[in-house]
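Each chain is listed here by its residues.
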Amino acid sequence: GTSTPASATSPTGVLSYEGIDPRVAENFTTPLRKPGTEGLFGILDLGAGPLTLSADSGKMAIFGDRSVPVRLYNSQSGGRNYQNPVLKISKDLSCDVTFRNNLDQPTTVHWHGLLVPGSVDGSPLNPVAPGASYSYKFSVNNRGGTYWYHPHPHMHTAEQTFAGLSSFFIVEDAHDLALRQAMNLTLGDTELPLLIQDRRCNEEGELDYSPDDMEKMMGYFGNVMLVNFTPNPALDVDTRFYRFRVLNGSSIRTYKLAFENNGNPLKFHVVGTDGGLLDKPYEVPDVYLAAAERVDIVLDLRSARPGDVILLKSLAFDPKDTHMPSPAFGTSLKPGEAFTLMKLVVRNLVDAGGALPATLSSLPALPSASDKIRTLQPARNASGDWVMKIDGVDTLYDMNDFPIVVKKNAVEFWDFKIGSAGMPHPIHLHGFLFRVLSRTGTPPEVAAQSVDASGRMVTDLGFKDTVLVWPGETVRVAIDFHHCFGAEEHYMVHCHVLEHEDMGLMTNVKVIA
Ligand code: C2O
Ligand code: CU
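Counting of residues starts from 1 at the beginning of each chain's written sequence and follows it residue by residue. Labels follow written order: the first chain is A, the first ligand is 1, and so on. Where totals are concerned, whole chains, interfaces and linings use all residues; where local detail is concerned, this predicted model gives features only for residues with pLDDT of at least 70, and gives and counts side-chain atom pairs only at 80 or more.

J.: Quick rundown of the overall build of the protein? Include the residues and the values.
T.: Scanning the protein from terminus to terminus reveals 5 helices and 38 strands. Both definitions apply: the radius of gyration is a C-alpha atom measure, and the globule rule equals 2.2 Å times residues to the power 0.38. Radius of gyration (C-alpha) of the protein: 21 Å, near the 24 Å computed for a compact globule of 513 residues. Reported as C-alpha extents along the three principal axes, the dimensions of the protein are approximately 60 × 55 × 50 Å. Within the protein, the proportion of its 513 residues that are buried is 51%. A pair of residues counts as a contact when their C-beta atoms, built from backbone coordinates, are separated by no more than 7 Å. Considering only intrachain contacts with a sequence separation of at least 6, the fraction spanning at least 24 residues in the protein is 78%. Numbering of helices and strands starts at the N terminus; helices are DSSP runs of H or I of at least 4 residues and strands are runs of E of at least 2. Field definition: a residue is buried when 20 or more other C-beta atoms are found within 10 Å of its C-beta, exposed when 12 or fewer are, and partly exposed for counts in between, with C-beta atoms placed from the backbone.

Spelled out as structure tokens, the structure:
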């Protein structure tokens, strides 16, 4: 084609790619980029042997045909080239990644959600200088699940991730393979990783990361939606089960995911969260997904009809629960606004067989007692800087300081707390997965969201590494510090709004043997 990428102001005043309003589903015509056997998001088997991975500046056509500057992970394997490979490995295998930083800034590869030693966790504590290499060798101790990797250099995480660096790390185990088999799924086809990101696109059709002071403080929203780097994506589907491993790779935006068939709400099943499969499938009408969270979704299209148009949407929710007003929203998709993420068009009547199993995995009972309780509260100090209040004390981020020290095998309860005048923050812990025990003070609209029989939100079930805390809430999580690979291990806990992380809404955590 010869289309010239450009952004324009749509009749509704929303700046978007070529003036296409992402709230108008008819505009969705770009084939979704599906993970294949090579190329962008190609599926790469990490268990097959050592791998080299680099972070590079490059060019790629995202909006139309014109190549624009991006930053991507590159790898070569078996004579094939990969960008942002979907890394896949079985639980208990070892991976051996030699990473090279070809950027002009320090970077790291953070293996988000993996239970690995601090030295190979890719946190800002172990930066890789421009031109330098780093060896990430570890064994995969996680349950099967959808994890991911992204850069994490001190103060530059947001801009590097925004420019394209991030992809999936899929761990497979017996439960995971059983589900795939029971539903006759194929990874890359009927089982699809979906990376959802809002991005700001400028007049030249380039990715534009230029937060002003307010946006550095309050988070950087985009004006276009991308799924696997595809704007306005469309996907042909048949009448069968689909599994979507959804990752919110946005800087700050929270989505309220839902499906619609020819305009009617279409329920779906949540089968997994950050740390893999739940005990059983939970049927829900919608689900909130905050930055860095994952949700594993099964969509049953067996009773759909050829010609049906199914939309994956983000539903409207009260913006005051999302974000404080910022001047930038005048030209952006507003927080909490409804829009379409992807269009699915039903093509063929098929009988793919398969069933959604009643049991998916087993989850241990929730811890009932703790060795220690701590309170962590994102807050702004007297000079307006983001700080983590730890047990009531404002604690400015200092890379050399470890305000939280935990003994190996301790079980701790941490209360993540946000004042009622605050904004939502997705809180992420490195090195360990946790269980959500309770939420108190939840805004009614959020509380009304899909819950299990005992009243817990579906996205709070299972093992988590990131949890969204809404204004007025206290979310209690239980963390079992069950490993310490060396004499001591260094991790961190932080807000996963990338601008907040870069501004130091973060605290180091030391685990001692
Ligand atoms: Cu996904 Cu500390 O980050
Ligand atoms: Cu935050």
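J.: Give me the pairing of strand β15 (residues 191–199): which residues, what numbers.
T.: With 9 of 9 residues buried, β15 lies mostly within the body of the structure. Of the two faces of β15, the one carrying E191, P193, L195, Q197 and R199 and the one carrying L192, L194, I196 and D198 are both buried. At least two DSSP bridges between two strands are needed for those strands to be called paired. In the sheet, β15 pairs with strand β19 (residues 241–248) via 6 bridges, with the strands oriented parallel. Across the sheet, the residue bridging to E191 is R243, located in β19.

J.: Explain the nonpolar core residue by residue, including any values.
T.: Counting 133 residues, the largest nonpolar core has F169 and V246 as its most contacted members. If we skip the residues at most four places from it in the chain, F169 touches L87, W111, L114, Y147, W148 and Y149. For the purposes of this analysis, a nonpolar core is taken to be any set of buried Ala, Val, Leu, Ile, Met, Phe, Trp, Tyr and Cys residues that are connected through C-beta atoms within 7 Å.

J.: Could you give an account of the environment of H150, naming the residues involved and the relevant values?
T.: Mapped onto the fold, H150 is located in strand β13 (residues 145–150). On the basis of neighbour count, H150 is assigned to the buried category, with 23 C-beta atoms found within 10 Å. Not counting residues within four places of it along the chain, the set of residues in contact with H150 comprises H110, H112, T161, L165 and S166.

J.: Explain the sheet that holds strand β6 (residues 51–61) residue by residue, including any values.
T.: Backbone-to-backbone hydrogen bonds pair the strands of a sheet. The strands run either parallel or antiparallel. Reading across from one edge, β4-β8-β7-β6-β10-β12 is the order of the 6 strands in this open sheet, with mixed pairing throughout. Edge positions in the open sheet fall to β4 (39–40) and β12 (133–139), since each of these has one partner strand only. One ladder, built from 8 bridges, connects β6 with strand β7 (residues 67–77); its direction is antiparallel. When the bridges of β7 are listed, S57 appears paired with R71.

J.: Describe in detail the pairing of strand β36 (residues 474–480), supporting the description with residues and values.
T.: Along a regular strand, successive side chains alternate from one face of the sheet to the other. The alternating pattern of β36 places V475, V477 and I479 on a buried face and T474, R476, A478 and D480 on a face that is not buried. Relative to β36, strand β32 (residues 411–417) is paired through 7 bridges, and the arrangement is antiparallel. Following the sheet pairing, W414 is matched in β36 by V477. Pairing geometry for strand β34 (residues 434–440) and β36, over 6 bridges, is antiparallel. Following the sheet pairing, S438 is matched in β36 by R476.

J.: How would you sum up helix α2 (residues 174–182)? Please name residues and give values.
T.: What α2 keeps buried is the set H175, D176 and L179. Buried residues of α2 fall within an arc of 100° about the axis and therefore sit on the same side. Looking at α2, the residues exposed on the side facing more than 90 degrees away from the buried face are A174, L177 and Q181. Where α2 is buried, its residues meet β14 (167–172), β22 (268–273) and β23 (276–284). What the arc describes is the spread of directions from the helix axis to the C-beta atoms.

J.: Quick rundown of the domain arrangement of the protein? Include the residues and the values.
T.: Those domain boundaries reflect an automatic or database domain assignment. Considered domain by domain, the protein is made up of domain 1 (32–170), domain 2 (179–348) and domain 3 (372–512). The C-alpha centroid of domain 3 is placed 24 Å from the C-alpha centroid of domain 2. When contributions to the side of domain 2 that touches domain 3 are tallied by element, the ones reaching two or more residues are α3 (213–218), β22, β23 and β24 (287–289). Element by element, the count of residues in the side of domain 2 that touches domain 3 is highest for β23, at 4 residues.

J.: Which residues make up the sheet that holds β14, and what values go with them?
T.: Spatially, β5-β9-β14-β13-β11 is the arrangement adopted by the 5 strands of the open sheet, whose pairing is mixed. In the strand order of this sheet, the two ends are held by β5 (43–45) and β11 (110–112), each with one partner. Direction aside, the axes of adjacent strands within the sheet are offset by 25° on average. Relative to strand β9 (residues 86–90), β5 is paired through 3 bridges, and the arrangement is parallel. Axis definition: a line fitted to C-alpha atoms, limited for helices to the stretch in contact. Angles are taken between N-to-C directions and run from 0 to 180 degrees.

J.: Let's hear about the UniProt feature "domain: Plastocyanin-like" (unreviewed entry) in the protein: which residues, and what values?
T.: UniProt positions are given in the numbering used here, feature names are shortened, and annotations may be inferred rather than shown by experiment. In the numbering used here, UniProt assigns the "domain: Plastocyanin-like" (unreviewed entry) feature to residues 81–174 and 389–511. Helix and strand shares over residues 81–174 are 7% and 40% respectively, and the end C-alpha atoms of the span are 29 Å apart. Regarding residues 389–511, the helix share stands at 7% and the strand share at 43%, and the terminal C-alpha atoms are separated by 20 Å.

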